[in-house]
Amino acid sequence: MGGALDVNEFVAGYLVEVEEHLSASMANLLATEAALRAGESSPKAIRELFRSLHTIKGLSAMVGVEPIVDLAHAMETVLRAADRSAGSLSASSIEVLLRGLRSIEERARALAEGKPVLPAAPELLAALTALDLAAAPSPPVPTIGADPEILAKLGPGERVQLAQGVAGGRRALRVDFVPSPSRTAEGVNITTVRERVGKLAEIVKVIPLSVPATEGAPGGITFALLVLTSAPDEEVARAAAADGVRALTVEPPVPPAVAALAEREPDEPADREPQLRGVVRVEVARLDDALDKLSALVVTRFRLARAAAELRARGVDTRDLSEILREHDRTLRDLRGAIMRARMISVAELLERVPLVVRGLGRATGKQVRLEIDAGKAELDKAVAERVFPAIVHMLRNAVDHAIEPPAERRRLGKPEEGVVRVSCFERSSNQLELSVADDGRGIDRALVARRAGRPAPESDAALLDLITLPGLSTLDQATKTSGRGLGMDIVRRIAVEQLSGELSVSTSPRAGTTFTLRIPLTLTIVDAFSFLCGDQLFVTPVAGVEEVVEIDAARILRGPAPGEARGGTTLPALGEARGGTRLPAPGEARGGTMLIERRGEVVPLVELGALFELGASPARRALVIRRHGAPFAFGVTRVIGQQEVVVRPLEDPLVRVPGVSGSTDLGDGRPTLVLDLVTLSGRLSAGRGGRGALARVAS
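Remember, it's a predicted structure, so these values are computed and weren't measured experimentally. (Residues numbered from 1 in each chain as written. Predicted model: local features only at pLDDT ≥ 70, side-chain atom pairs only at ≥ 80, totals over all residues. Heavy atoms only, no water.)

Undergrad: A description of the overall build of the chain should follow, citing residues and the corresponding values.
TA: Helix and strand content of the chain: 22 helices and 26 strands. Relative to its full complement of 700 residues, the chain shows a buried share of 47%. Sequence-distant contacts, at least 24 apart, represent 70% of the contacts inside the chain between residues at least 6 apart. Looking at the chain as shown, the accessible area adds up to about 34100 Å², and 52% of this sits on carbon and sulfur atoms. (Helix = DSSP H or I, 4+ residues; strand = E, 2+ residues; numbered from the N terminus. Buried < 20%, exposed > 50% of the residue type's maximum accessible area, 1.4 Å probe, protein only. Contact = heavy atoms within 4.5 Å. Areas by Shrake-Rupley, 256 points an atom, 1.4 Å probe, with all protein chains shown as cover.)

Right, dumping it as structure tokens:
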């Protein structure tokens, strides 16, 4: 490396590459461990782990991070020893390799933070060197029916992978691609063929073969793709631009062993042609800057709309201007969608580290836990993902440490020794994500929680949630390494409700398990919102939190029924009582009881926002219906103006920050307009903590 080369220019890109390979390595090592517990093999995961480590070693050597080079090299040696002995990785080997990955991660983080990178720990290097892999039984090598030139280039790992795929019900095929100038001119090369075939089949290996130069093969080369697939032969051949496919015979079925690696270095196959990658890495700060610029455009659009309205009021013909504004609105919405898509990350990527978290919790508590993840195809803003991940970790810690019983207790209860924690999520709408963490443990002991809190036992799940999210409340007598300080669920509530303006709910059954559910917005900065008036005061609220906008019929408003009193044959709930039995004091009580409206046979408490904010507003004509813990709640407003995109600016000053007010926005008149979080506001009212004076001061 010449002295004129500044490696600092490459450090940022190096760190991103290492982070990706570390994430893949963690996933592959955990997959290997899971397969080992099940008595199965995972040859593909082992090979991918080896290649990731080899890449990390090469990148680290390029930028001169020698401690990471030493660790990666020692781990490669462990895997080569497994190849030479044709044995499987033992549980102790996996544990030491995991320590190695964590050490690499720590040193990469130190480099990113500008701190000194510590040398590799001698005891860890010694442990990697001392791993006894030769004792593992050597698995029989599956017999593959293929040409000798194919068999000569097929390593033990690929043989096991082919046999495992056939044992799983797929077919092993060989499909040949012959490159030519005409195909290259059409954009068909080995890279595009790999991409197309990869959508239909699992590519085990691509082997370049020399053939006599002919008219059909002018380059004297062909690529043999060995694949596992359930797709029809014709589709695979069409994807590979081949005349047909050939079946490979594989026997016997794969034994329970972990695939060995080839003796040689992981090859960068000759079938790979130089290409530009289809991914561009962009710093989040640049995306944040683009979003800020977009936010300014949104505010400018409001100002243009106001100016056009003033011109129309003066009798100016603004038809052409109105058409331009409509086109501008469409373009701005498309631009917003494009920028937000660039900021989105998949939930599957967010949950990549969850298996490692659960594994560590299981080992720390001595419990057997199986993790199931159903992330689907949901995506969310990176800023939201960074905020919500700590809440997910706290819910997982709560599930493993508190909910899942020890193996002996599960046996006594007739349950499998291995507990199950399931993380699932899906998009509830175009702008809201629902994420749940469920377990099959003991459930929450309501009486125990009530005793700890010094309060009556909660009868509903909503009331139970209010108790378990109290700061400092814990059901453990003594704090452990994993939990017991009474902060976890309080942190989850603050993240989900206060920071993300979402909703947290719980459902629990004795000895059956508990499910915590988060409903959070996909993004926080630019949202679709309803604007409405309370008297002369303008407010907005996110569309995601509103279930329905209904008209209020003043003649059908019910006031002040006694608890259980029947009216028209319908038994009404107690004053201010929602389905969960939670008290809902409202301004209407001062003049004769809580107001209630009926919506499709459902009794809904009604609170007039104008009266709550002491604005002296006229009677409400419309109501925004929301749900909290499944129970409906309506907020009366004077007039709903419409739906529009708004830029939400959080209220940073603690002197003006009030629960129920998530931020402010500018609708083009230069004045701040409050953004209301009606779900949080209903929760404050339900708990009798409305803070009406504070709300009134902020509203004014």
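Still to come is the rest of the account.
Undergrad: How would you sum up the nonpolar core? Please name residues and give values.
TA: Counting residues in hydrophobic clusters, the biggest one holds 48 residues, and the most contacted among them are Leu 380, Leu 396 and Leu 518. Residue contacts for Leu 518: discarding those within four places in its chain leaves Val 388, Ala 391, Met 395, Leu 433, Glu 434, Leu 435, Val 492, Ala 496, Glu 503 and Leu 504. Counting 36 residues, the second-largest nonpolar core is a separate cluster that includes Val 11, Ile 68, Leu 79 and Leu 128. (Core = buried A, V, L, I, M, F, W, Y, C linked by side-chain atoms within 4.5 Å.)

Undergrad: Pulling in residues and values, what's your account of the side chain of Glu 105?
TA: Following the sequence through the fold, Glu 105 ends up in helix α4 (residues 91-112). Classification of Glu 105 as buried rests on a relative accessible area of 18%. Excluding residues within four positions of it along the chain, Glu 105 makes contact with Leu 22, Met 26 and Arg 353.

Undergrad: Tell me about the confidence of the model for the chain, residues and numbers included.
TA: The predicted coordinates should not be examined in detail at positions where pLDDT is low. Mean pLDDT over the chain stands at 77; residues scoring 70 or higher make up 80%. Segment residues 561-592: pLDDT under 50, and 60 contacts once partners within four positions in sequence are set aside and those in other chains are kept. (pLDDT = per-residue confidence, 0-100.)

Undergrad: So, the packing of aromatic side chains: which residues are in play, and what are the values?
TA: Each aromatic ring pair is described using two quantities: the centre-to-centre distance and the angle formed by the ring planes. By the definition in use, this model includes three aromatic pairs. Centroid distance Phe 539 to Phe 613: 5.2 Å. Interplanar angle 45 degrees. Geometry classified as tilted. Pair noted here: Phe 539 is in strand β15 (residues 537-542) and Phe 613 is in the loop between α20 (609-612) and β22 (622-628), with a separation of 74 residues, a long-range link. We note that Phe 539, like Phe 613, is buried. Every member of this aromatic cluster is reached through a ring pair, and the members are Phe 532, Phe 539 and Phe 613. (Phe/Tyr/Trp six-rings, centres within 6.5 Å; stacked < 30°, edge-to-face > 60°.)

Undergrad: Requested: an account of the sheet that holds strand β24 (residues 639-647), with residues and values cited.
TA: Pairing is mixed across the open sheet formed by five strands, whose spatial order is β24-β14-β15-β26-β25. Each of the sheet's edge strands pairs with one partner strand only, and the pair in question is β24 and β25 (661-666). Strand-to-strand twist across the sheet, computed as the mean angle between neighbouring axes with direction ignored, equals 35 degrees. Here β25 runs beside strand β26 (residues 672-676); their pairing, made up of five bridges, is antiparallel. In the strand pairing of β26, Gly 663 is matched with Val 675. In the packing of helix α12 (residues 319-343) onto the sheet, contacts are made with β14 (526-534) and β24, and the angle to β14 comes to roughly 130 degrees. (Pairing = 2+ DSSP bridges. Axes fitted to C-alpha atoms, helices over the stretch in contact; angles between N-to-C directions.)

Undergrad: Tell me what's going on with helix α15 (residues 382-403), and back it up with residues and numbers.
TA: Over its 22 residues, α15 runs 30 Å from end to end, which matches the ideal 32 Å to within 8%, given 1.5 Å per residue. The N-capping residue of α15, defined by a side-chain oxygen 2.7 Å from the backbone nitrogen of Ala 383, is Asp 381. (Expected span 1.5 Å × (residues − 1). Polar contact = N/O pair within 3.5 Å; in protein donor to acceptor, adjacent residues only side chain to side chain.)

Undergrad: Requested: an account of the packing of helix α17 (residues 446-453) against helix α18 (residues 461-468), with residues and values cited.
TA: Where α17 contacts α18, the two axes come as close as 10 Å, and the packing angle between them is 45 degrees. Overall, the two elements α17 and α18 adopt an arrangement that is oblique. Taken as a pair, α17 and α18 cross one another with a handedness that is left-handed. Residues Arg 446, Val 449, Ala 450 and Ala 453 of α17 pack against Asp 461, Leu 464, Leu 467 and Ile 468 of α18. By residue class, the composition of the contact of α17 with α18 is six nonpolar, no polar and two charged. (Parallel < 35°, antiparallel > 145°, perpendicular 65-115°, else oblique. Left-handed = near helix turned anticlockwise from the far one by under 90°. Nonpolar A, V, L, I, M, F, W, Y, C, P; charged D, E, K, R; others polar.)

Undergrad: So what's going on with α12? Residues and values would help.
TA: Over its 25 residues, α12 extends 36 Å from the first C-alpha to the last, a length consistent with the 36 Å expected when each residue adds 1.5 Å. Along α12, the positions that sit buried rather than exposed are Ser 322, Leu 325, Leu 332, Arg 336, Ile 339, Met 340 and Arg 343. Considering only its buried residues, α12 is in contact with α11 (284-313), β7 (344-346), β9 (379-381), α15, β14 and β24.

Undergrad: Quick one: what's the story with the packing of α4 against helix α5 (residues 122-129), residue by residue and with numbers?
TA: A pair of packed helices is characterised by two quantities: the angle between their axes and the separation of those axes. As a packed pair, α4 and α5 sit with axes 10 Å apart at the nearest point and diverge in direction by 145 degrees. Considering the relative orientation of α4 and α5, their crossing is left-handed. Between α4, through Val 96, Leu 97, Arg 99, Gly 100 and Ser 103, and α5, the contact on the second element is made entirely by Leu 124, Ala 127 and Leu 128. In terms of residue class, the contact of α4 with α5 is built from five nonpolar, two polar and one charged.

Undergrad: An account of the environment of Asp 381 is requested, with residue identities and associated values reported.
TA: Mapped onto the elements, Asp 381 comes out in strand β9. For the pair Asp 381 and Met 340, spaced 41 residues apart in the sequence, the C-alpha separation amounts to 7.2 Å. Not counting chain neighbours up to four residues away, the residues in contact with Asp 381 comprise Met 340, Arg 343, Met 344, Leu 522 and Thr 523.

Undergrad: Break down the sheet that holds strand β4 (residues 221-229) for me, citing the residues and quoting the values.
TA: Taken together, the four strands give an open sheet; going across it, the order is β3-β4-β2-β5, and neighbouring strands pair in antiparallel fashion. In the strand order of this sheet, the two ends are held by β3 (201-210) and β5 (245-247), each with one partner. Here the average twist between neighbouring strands, direction ignored, is 25 degrees. Judged from the nine bridges that link them, β3 and β4 form a sheet pairing that is antiparallel. Bridging across to β4, Ala 201 finds its partner in Thr 229. Against the sheet, helix α9 (residues 190-198) makes contact with β2 (171-177), β3 and β4, and its axis sits at roughly 150 degrees relative to β3, the strand it touches most.

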